[in-house]
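Architecture and fold: a report
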Amino acid sequence: MNLSKAFPSLATPLSTSQVIGLYFASSWCPDCTPITPKLRMMYEGQSSDKKLEVVYVSSDNTEEQMKNSLSASHGQWSCIPFDSAERSELKRKFGVCAGKEVRELGMSPSDRKFGIPTLILIDSKSEEILTYDGVNDLLNDDFIQKYSL
């Protein structure tokens, strides 16, 4: 899987970190509310040689909603541009989206493997998926140790 070729927005995060976290979430989702600040705190607590780079894959309703959420709640991490086809392509590739997006993404309910929030961790060098369950690892406070971050 050549993620940087298939998804050019991931090229820089893949080349500048050991692990990237694709954070599928939205500002309107109540389940995302406790996750986003915890992820931000962990991300901002890294040393200057960041081992983890987070990329936000938004399920917000509008670009303005996404930008407001990024500036108010998120860390200084990357995001897939709202109007980029990559945003929908990433959701389809990994089977992650809000329930209300399934039809508009052209997915069947069985194509949707995960809802939001989902944090997929990927080894930047091998591009192997380390986990689809980064949210639970983050909540269990063993995130940094488990992934040597």
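This text follows the structure it describes.
Attention here is on the structure that accompanies the text.

Assigned secondary structure in the protein consists of seven helices and five strands. Tracing the protein from N to C terminus, the helices and strands come up as α-α-β-α-β-α-β-α-β-β-α-α. Structurally, the protein occupies a C-alpha span of about 40 × 30 × 25 Å along its principal axes. Residue burial in the protein is summarised as follows: out of 149 residues, 47% are buried. As displayed, the protein has an accessible area near 7500 Å², and 47% of this comes from carbon and sulfur atoms. When the 16 positive and 20 negative side-chain charges of the protein are each reduced to one mean point, those points stand 2 Å apart.

Counted residue by residue, strand E1 (residues 19–25) has seven buried out of seven residues, so it is predominantly covered. Side chains Val 19, Gly 21, Tyr 23 and Ala 25 of E1 all project onto a buried face; the interleaved residues Ile 20, Leu 22 and Phe 24 project onto the opposite face, where all are buried too. Bridge count between E1 and strand E2 (residues 52–58): seven bridges; the pairing is parallel. Within E2, the position partnered with Phe 24 by the bridge is Val 57.

What follows deals with the nonpolar core. In terms of nonpolar packing, the biggest core is built from 40 residues, with Leu 10, Leu 22, Tyr 23, Phe 24, Leu 90, Phe 94 and Phe 143 touching the most fellow members. Contributions of two or more residues to this core are made by E1, helix H3 (35–44), E2, helix H4 (63–73), helix H5 (85–94), strand E4 (118–123) and helix H6 (134–139). It is E1 that provides the largest number of residues to this core, a total of six residues. Leaving out residues up to four positions away in the same chain, Leu 90 has contacts with Phe 7, Leu 10, Leu 22, Phe 24, Val 57 and Ile 80.

With that settled, consider the sheet that holds strand E5 (residues 129–131). Read across the open sheet, the five strands follow the order E3-E2-E1-E4-E5; overall the sheet is mixed. Edge positions in the open sheet fall to strand E3 (78–79) and E5, since each of these has one partner strand only. Note: E1 against E4, six bridges, orientation antiparallel. Bridge pairing links Gly 21 to Leu 121 in E4.

Here we come to the pattern of salt bridges. All told, the structure shown has four salt bridges when counted by the stated rule. A salt bridge links Glu 63 to Lys 67; its shortest N-O distance comes to 3.4 Å. Residue Glu 63 and its partner Lys 67 are both found in helix H4; the two are separated by four residues, about one turn of the helix. Judged by relative accessible area, which is 34%, Glu 63 ranks as partly exposed.

Applying the stated criterion across every chain, the model contains four aromatic pairs. Between the aromatic rings of Tyr 23 and Trp 77, the centroid separation amounts to 6.3 Å while the plane-to-plane angle is 75 degrees, which identifies the pairing as edge-to-face. In this pair, Tyr 23 is assigned in strand E1 and Trp 77 in the loop between H4 and E3, connecting sequence segments 54 residues apart. Summarising the burial analysis for this pair, Tyr 23 and Trp 77 share the class buried. Centroid distance Tyr 43 to Trp 77: 5.5 Å. Interplanar angle 80 degrees. Geometry classified as edge-to-face. You can see Tyr 43 sitting in helix H3 and its partner Trp 77 sitting in the loop between H4 and E3, a full 34 residues away along the chain.

Cut-off values and rules
- Residues numbered from 1 in each chain as written.
- Predicted model: local features only at pLDDT ≥ 70, side-chain atom pairs only at ≥ 80, totals over all residues.
- Heavy atoms only, no water.
- Helix = DSSP H or I, 4+ residues; strand = E, 2+ residues; numbered from the N terminus.
- Buried < 20%, exposed > 50% of the residue type's maximum accessible area, 1.4 Å probe, protein only.
- Areas by Shrake-Rupley, 256 points an atom, 1.4 Å probe, with all protein chains shown as cover.
- Lys, Arg positive; Asp, Glu negative; His and termini not counted.
- Charge placed at Lys NZ, Arg CZ, Asp CG, Glu CD.
- Pairing = 2+ DSSP bridges.
- Core = buried A, V, L, I, M, F, W, Y, C linked by side-chain atoms within 4.5 Å.
- Contact = heavy atoms within 4.5 Å.
- Salt bridge = Lys/Arg side-chain N within 4 Å of Asp/Glu carboxyl O.
- Phe/Tyr/Trp six-rings, centres within 6.5 Å; stacked < 30°, edge-to-face > 60°.

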